[in-house]
Amino acid sequence: MNRLAGKTALVTGASRGIGRATALALASHGAQVLVHYSSGEREASLVVEKIREAGGKAEKIQAELGHEEGAHELAKRARTIIGGRLDVLVANAGVAVSAPLEETTLEDFDYMFAVNVRAPFFLVQQMLPSLCTGCSVVLLSSLAGHAAIGKFPAYAASKGAIDTLVKHLATALGERGIRVNGVAPGVVPTDMSSFTKTQAGRDFTLNMQALKRMAKPEDISSAIVFLASDEARWITGDILHVDGGSRL
Ligand code: NAP
């Protein structure tokens, strides 16, 4: 269980959902975790508390990633806590405004690209001085990035951009021994995918999956832990589809 003993990790959007599960999973494998949040300070504190109660190390860290300088500020704060080296960076924070083409506003489009694309891009850039051989970066993509499901073309495009970014960052950072991969969940019942609270939403989800049960955040976090660990040492530039066999 101590695959990540002595390692430091930063998980963005770790106050809820998949990010929360990821912070807890990384900590359970021995990593010291920076639990990032934006508005959910109370939720982030509870995650930190849970990690500490289990004997792990964690700190909460705030930044609004929709702001122009959000990723820069987060990187600065993270460096003051971890000091020299960040072993695992999970860019998980994301927003999804569900609207078809006709109803997507400029504001929603820009906000989704700011949080989902600009923030991970500049977070990796700003954390570069702390990343070195053996470090692992995981960016959260989505089934929506490669399959035309649902009615959120702008969100889907932001995740398509992540898939492209994974390849470019993996190529650029490979010489330094830094691995960069994406994890593309299918539908996971969280605050983001509130449609799964309806029977119609659950039916839609189960119909497109090979495995006939609803996902849990822990189904995704275990894949992230794998990519963060040395067991995935020869995997980079890849997108791992963690979706119960959706839209095969
Ligand atoms: P979630 O439950 O809605 O949680 C979103 C997290 O992102 C929260 O911790 C939130 O922090 C943070 N966040 C949101 N807006 C932010 C902002 N402006 N600045 C900084 N942090 C912000 O979402 P989730 O379902 O766990 O999704 C996590 C990732 O998986 C996202 O990248 C999402 O696109 C991807 N994904 C999700 C699904 C799904 O079905 N759920 C499917 C495919 C991909 P605060 O609460 O502290 O503000």
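Structure: above.
About the criteria used
- Residues numbered from 1 in each chain as written.
- Predicted model: local features only at pLDDT ≥ 70, side-chain atom pairs only at ≥ 80, totals over all residues.
- Heavy atoms only, no water.
- Helix = DSSP H or I, 4+ residues; strand = E, 2+ residues; numbered from the N terminus.
- Expected span 1.5 Å × (residues − 1).
- Buried < 20%, exposed > 50% of the residue type's maximum accessible area, 1.4 Å probe, protein only.
- Arc of directions from axis to C-beta.
- Pairing = 2+ DSSP bridges.
- Axes fitted to C-alpha atoms, helices over the stretch in contact; angles between N-to-C directions.
- Contact = heavy atoms within 4.5 Å.
- Bend = angle between axes of the 7 residues up to and from the residue.
- Near = heavy atom within 4 Å.
- Polar contact = N/O pair within 3.5 Å; in protein donor to acceptor, adjacent residues only side chain to side chain.
- Nonpolar A, V, L, I, M, F, W, Y, C, P; charged D, E, K, R; others polar.
- Parallel < 35°, antiparallel > 145°, perpendicular 65-115°, else oblique.
- Left-handed = near helix turned anticlockwise from the far one by under 90°.
- Core = buried A, V, L, I, M, F, W, Y, C linked by side-chain atoms within 4.5 Å.
- Right-handed = clockwise from strand over helix to strand, strands pointing away.

A word on helix α3 (residues 70-82). Taking 1.5 Å per residue as the helical rise, α3 with its 13 residues ought to reach 18 Å, and the 18 Å between its terminal C-alpha atoms agrees with that figure. Among all positions in α3, only G70, A71, L74, A75, A78 and I82 are buried. Viewed along the axis of α3, the buried residues span an arc of 125°, placing them on a single side of the element. Exposed side of α3, more than 90 degrees from the buried face: K76 and T80 are the residues found there.

Our focus in this paragraph is the sheet that holds strand β5 (residues 136-140). With respect to topology, seven strands assemble into an open sheet ordered β3-β2-β1-β4-β5-β6-β7, the strand pairing being parallel. Strands with a single pairing partner mark the edges of an open sheet, and in this sheet they are β3 (58-62) and β7 (239-242). Strand-to-strand twist of the sheet, defined as the mean angle between neighbouring strand axes without regard to direction, takes the value 20°. Contacting β2 (32-37) and β3, helix α2 (residues 41-53) runs over the sheet at an angle of about 165° to β3. Against the sheet, helix α7 (residues 217-228) contacts β4 (88-91), β5, β6 (179-185) and β7, and its axis sits at roughly 170° relative to β6.

So, on to helix α4 (residues 106-127). In this model α4 runs 30 Å from its N-terminal to its C-terminal C-alpha over 22 residues, within 8% of the 32 Å that 1.5 Å per residue would give. Along α4, the largest kink reaches about 40° and is centred on A114. Three or more residues of α4 are buried, namely M112, A114, V115, N116, V117, A119, P120, L123, V124 and M127. Tucked inside the fold, the buried residues of α4 contact β1 (8-11), α3, β4, β5 and α5 (153-173).

Turning our eyes to something else, we now look at the site of the ligand. The environment of the ligand is made up of 34 residues, and the closest members are G40, E64, N92, Y155 and T190. Here an oxygen atom of the ligand and a backbone polar atom of G13 are 3.1 Å apart. G40 is positioned with one of its backbone polar atoms (N or O) 2.8 Å from an oxygen atom of the ligand. Counting only elements with at least two residues in the shell around the ligand, the list comes to α1 (17-28), β2, α4 and α5. Class assignment of the residues belonging to the shell around the ligand gives a composition of 15 nonpolar, 15 polar and four charged.

What follows covers the packing of α4 against α5. Direction vectors running N to C along α4 and α5 enclose 10°, while the axes themselves pass 9 Å from each other. Regarding the angle of α4 to α5, the classification is roughly parallel. Where α4 crosses over α5, the handedness of that crossing is right-handed. Here F109, M112, F113, N116, V117, P120, F121 and V124 of α4 come into contact with α5, specifically with A154, Y155, A157, S158, K159, A161, I162, L165, L169 and L173. Taken together, the residues of the contact of α4 with α5 break down into 15 nonpolar, two polar and one charged.

This paragraph deals with the environment of S221. Structurally, S221 is set in helix α7. S221 sits in the buried class, given a relative accessible area of 3%. Setting aside residues up to four positions removed in sequence, S221 forms contacts with A21, T22 and A25. Within polar-contact distance, the side chain of S221 engages the backbone oxygen of E218 at 3.3 Å.

This part covers the nonpolar core. Judged by nonpolar contacts, the single largest core of 34 residues is most densely connected at L26, V33, V35, I51, V90, V183 and I224. Sorting the residues of this core by element identifies β1, α1, β2, α2, β4, β5 and α7 as the ones contributing at least two each. With 33 residues, the next largest nonpolar core counts L65, A91, L123 and L131 among its residues.

This part covers the pairing of β3. With five bridges joining them, β2 and β3 adopt parallel strand pairing. Note that in β3 the partner of L34 across the bridge is E59. For the crossover that starts at β2, traverses α2 and ends in the parallel β3, the hand is right-handed.

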